[in-house]
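Structure assessment
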Amino acid sequence: MKQSDKQNATCEQELAAIRDSLEVLGGKWKLRIMRHLNNHVDEVNTFKKIQREIEGISAKMLTKELQDLEINLLITRTVRDTKPVSVSYAITSYGLSVFTVNDSLVDWGLKHRQKIK
């Protein structure tokens, strides 16, 4: 959203935008999955690799979150014609647009941890 669009948005529109953002990115895992994919952009990111490196996520939850991220065009799922078939995931250019928000959350979270120590 351009600055002029933001200035012209009503409170109701801003609240709806926050709701929409949280629906797409909210929860315990989505931003962590996207951060992982962004940090490992030059690697093949298979389901098992993602699950292994994101501590605590179950296979069922990872499946659901990857599907949601793909539906919202934030990641891609590529099926490779190998024996056995392999699937990899990557962040999209649209998904990269989330990182202005994600980076701000990381910065705030690091400061918050220091503050409450």
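First, a word on scope: everything that follows refers to the structure included in this document. (Residues numbered from 1 in each chain as written. Predicted model: local features only at pLDDT ≥ 70, side-chain atom pairs only at ≥ 80, totals over all residues. Heavy atoms only, no water.)

Describing the pairing of strand β2 (residues 86-91)
Where we set the bar: Two strands are said to pair when DSSP picks up at least two bridges between them. Numbering of helices and strands runs from the N terminus, with a helix taken as a DSSP run of H or I at least four residues long and a strand as a DSSP run of E at least two residues long.
Where strand β1 (residues 75-80) lies against β2, 6 bridges are found, and the strand directions are antiparallel. Bridging from a neighbouring strand, I75 pairs with I91 of β2. In sequence, β1 turns back onto β2 through a hairpin of 5 residues.

Examining the nonpolar core
Here is the rule we go by: Buried Ala, Val, Leu, Ile, Met, Phe, Trp, Tyr and Cys residues that are joined via side-chain atoms within 4.5 Å together make up what is termed a nonpolar core. Each residue is assigned to one of three classes by its accessible area relative to the maximum for its type, calculated with a 1.4 Å probe on protein chains only: buried under 20%, partly exposed between the two thresholds, exposed over 50%. Only heavy atoms matter for contacts: two residues are in contact if any of them lie within 4.5 Å across the pair.
Ranked by size, the top nonpolar core spans 17 residues in total, and within it I33, M34, L37, I50 and L66 carry the most contacts. Those elements that provide at least two residues to this core are α3 (30-39), α5 (59-71) and β2. The residues contacting L37, other than those within four sequence positions of it, are N45, I50, I75, Y89, A90 and I91.

Description of the pattern of salt bridges
Cut-off, in case you're wondering: By definition here, a salt bridge exists when the distance from a side-chain nitrogen of Lys or Arg to a carboxyl oxygen of Asp or Glu is within 4 Å.
What the rule picks out here adds up to 9 salt bridges. With its nearest N and O atoms 3.2 Å apart, the salt bridge here joins R19 to D20. Taking the relative accessible area as the measure of exposure, R19 reaches 47% and is therefore partly exposed. Here E65 and K30 are joined by a salt bridge, their closest N and O atoms 3.3 Å apart. You can see E65 sitting in helix α5 and its partner K30 sitting in helix α3, a full 35 residues away along the chain. Comparing E65 with K30 shows no difference in burial state: the two are buried. A network of salt bridges, in which partner residues are shared, links K30, K64, E65 and D68.

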